[in-house]
Amino acid sequence: MTHQQILKGFSKLSQDEKLRFVSARFDDSQQARKIFESFIHPDPYIQQRLSGFSENTISNFPLPYGVAPNFMINGTLYLVPMVVEESSVVAAASAAARFWAERGGFRARVIDTSKNGQLHFLYKGDPDQLKQAMPDIISHLRKHAAPVTANMEKRGGGVTEISLKDQRHLMDNYFQLHVTFETGEAMGANFINSCLEDFSEGLHEFFSNTKGFEPRDFEPVMAILSNYNDECLVEISVSCPVSELDHAAPGLTGKDFARRFALASQIAEADVHRATTHNKGIMNGVDAVILATGNDFRAIEAGAHAFAARSGTYRSLSRTRIEDGEFEIALTMPMALGTVGGLTRLHPLAEKSMEILGNPEARELMMIAAAAGLANNFAALRSLTTTGIQAGHMRLHLPNILTQLNASEEESKQANRHFSNRKVSHQAVAAYLDQLRKRSPNAGKNHT
Ligand code: MEV
């Protein structure tokens, strides 16, 4: 939908005025307005909160909120909340979680929780003098940033390391301060960015007040956290004797299942096209938990893909091993999550998700999200190497196809029965409904 003029002051309009403006652009503006309004929360207090998360809000965009039971992680059973729009993700996670709960569950550990950010700057002075001054610069920066770091330090976090990186091989005069942080229960984005901006001022002050340095040699370019938290890693795995996989897939022995599964895993390690889809399957589970708990799924996505490419070639994040009759799948990935700050406690449903999970600490939440990722990865490879993905996926997609085809309640009932033992495709469902409607022409009318 386009509009003819550049709009000025749109952000200043009230929510209702914005809604009227957008609705007026539809052929049937009353109907459009009704639809947008129908998704506005009836409790104005809650709606105000939701509207405040973003800008120019005119309505809400609901996604299904599901739960996947039976996630056994380090001996504890979790009911895992998942928010996702794709059919079969929650079903796949649940099936895989139960499969592994019956075989000892997931083993997980957090490798580290350290996060990082950079002050990117140009320096035209003497690089050796700059390098030699680093101990003095670091102590000056720490003092300068004390008001910003004090609270975080009280909570056991703060700035853990400051180092200078000479980046002149990438760009003329380019240096960076690479800073690592511990942010405790917070994801820490605001803390990290505030520290880095303070370091920029502190560095300018150092160059202005220290003999032999000229502030004009220093040009700060930007100060920002990195979403590539290559040290903030979680590791998760499942394993069982190959003989216990005898019933993992119909018609395959455990040995054959394990062999085919491992082949699929090797292909994802070797081929970038497959690796991308393999990792997308992992992110199906991870993102769904991250969304449900109010964390930033774009940050985790970006970091995961950068980590997958850390060798210089994009590879799968998980790997499979068969050794001495034991089958194991393991996943290691960055997972910078927080349990305070952000939306975690502000979004009423994110807060409920945290309660469902027993109010985990950040480290525990990292393991839970990773478990959902590995569960979805296992489920995807199990389907792909046995029945193919479409059978299960399309069966769970059937309600969406029926809605698209305006099936009535009665038609949907009959279609569900009909397709319970048949292959589902859009075409097959359309043909089936056509047939039904020819037989009883009024059957579809009560839906639309
Ligand atoms: C679909 O959302 C995810 C899969 O494509 C993942 C995979 O291929 O491993 C099934």
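Definitions and cut-offs
- Residues numbered from 1 in each chain as written.
- Predicted model: local features only at pLDDT ≥ 70, side-chain atom pairs only at ≥ 80, totals over all residues.
- Heavy atoms only, no water.
- Helix = DSSP H or I, 4+ residues; strand = E, 2+ residues; numbered from the N terminus.
- Buried < 20%, exposed > 50% of the residue type's maximum accessible area, 1.4 Å probe, protein only.
- Lys, Arg positive; Asp, Glu negative; His and termini not counted.
- Salt bridge = Lys/Arg side-chain N within 4 Å of Asp/Glu carboxyl O.
- Contact = heavy atoms within 4.5 Å.
- Expected span 1.5 Å × (residues − 1).
- Domains from an automatic or database assignment.
- Buried area = accessible area lost by both parts, 1.4 Å probe.
- Polar contact = N/O pair within 3.5 Å; in protein donor to acceptor, adjacent residues only side chain to side chain.
- Nonpolar A, V, L, I, M, F, W, Y, C, P; charged D, E, K, R; others polar.
- Core = buried A, V, L, I, M, F, W, Y, C linked by side-chain atoms within 4.5 Å.
- Pairing = 2+ DSSP bridges.
- Axes fitted to C-alpha atoms, helices over the stretch in contact; angles between N-to-C directions.

Q: Describe the side chain of Glu301, with residues and values.
A: If you trace the backbone, Glu301 turns up in helix H11 (residues 297–308). The buried charged residue Glu301 lacks any salt bridge, with Lys280 as its nearest oppositely charged partner at 8.2 Å. The residues contacting Glu301, other than those within four sequence positions of it, are Met283 and Asp287.

Q: Break down unusual backbone geometry for me, with residues and values.
A: For Asn56, which is not glycine, the phi dihedral falls at a positive 55°. Structurally, Asn56 is set in the loop between helix H3 (44–52) and strand E1 (65–73). Its identity as a non-glycine residue notwithstanding, Asn173 has a phi of 65°, on the positive side. Relative to the helices and strands, Asn173 is located in the loop between strand E5 (158–166) and strand E6 (174–182).

Q: So what's going on with helix H8 (residues 189–209)? Residues and values would help.
A: For H8, spanning 21 residues, the distance from its first C-alpha to its last is 30 Å, which sits close to the expected 30 Å at 1.5 Å a residue. Residues of H8 that are buried: Phe191, Ile192, Asn193, Cys195, Leu196, Asp198, Phe199, Ser200, Gly202, Leu203, Phe206 and Phe207.

Q: Please give an account of the domain arrangement of the chain that cites residues and values.
A: The domain boundaries assigned to the chain delineate domain 1 (1–62), domain 2 (65–112 + 230–387), domain 3 (115–225) and domain 4 (392–446). Spacing between the C-alpha centres of domain 2 and domain 4 amounts to 33 Å. Domain 2 puts 4 residues into the contact, and the matching count from domain 4 is 4 residues. Across the domain 2/domain 4 interface, buried area totals approximately 300 Å², and carbon plus sulfur atoms make up 59% of it. When the buried surface of domain 2 facing domain 4 is broken down by residue, Ser87, Ser88 and Ala91 rank first, second and third, together holding 89% of it. Counting the contacts that link domain 2 with domain 4 gives 0 salt bridges. Inspection of the domain 2/domain 4 interface yields 0 residue pairs in polar contact (both at pLDDT 80 or more). Looking at side-chain class alone, the side of domain 2 that touches domain 4 contains 1 nonpolar, 2 polar and 1 charged residues.

Q: Help me get a handle on the nonpolar core, residues and values and all.
A: Grouped together as the largest cluster of nonpolar side chains are 66 residues, with contacts concentrated most on Phe71, Phe106, Met333 and Met335. By residue number, the principal contributor to this core is helix H13 (residues 362–384), which donates 13 residues. Setting aside residues no more than four positions away along its own chain, Phe71 makes contact with Thr76, Leu77, Tyr78, Val80, Ala93, Ala97, Phe106, Ala371, Ala372 and Ala375.

Q: Account for the sheet that holds strand E3 (residues 107–110), naming residues and giving values.
A: Taking strand neighbours across the sheet as the criterion, the 4 strands line up as E3-E8-E10-E9 in an open arrangement whose pairing is antiparallel. One side of each edge strand has no neighbouring strand; the edge strands of this open sheet are E3 and strand E9 (318–323). On average, each strand axis in the sheet is tilted by 15° relative to the strand beside it, whichever way the strands run. Strand direction decides the pairing type here: E9 and strand E10 (residues 326–334), joined by 6 bridges, are antiparallel. Looking at E10, one finds that Ser318 is bridged to Leu331. The sheet strands contacting H11 are strand E8 (233–241) and E10, and the helix crosses E10 at an angle near 120°. Each of E3, E8, E9 and E10 touches H13; the most contacted strand, E8, lies at about 50° to it.

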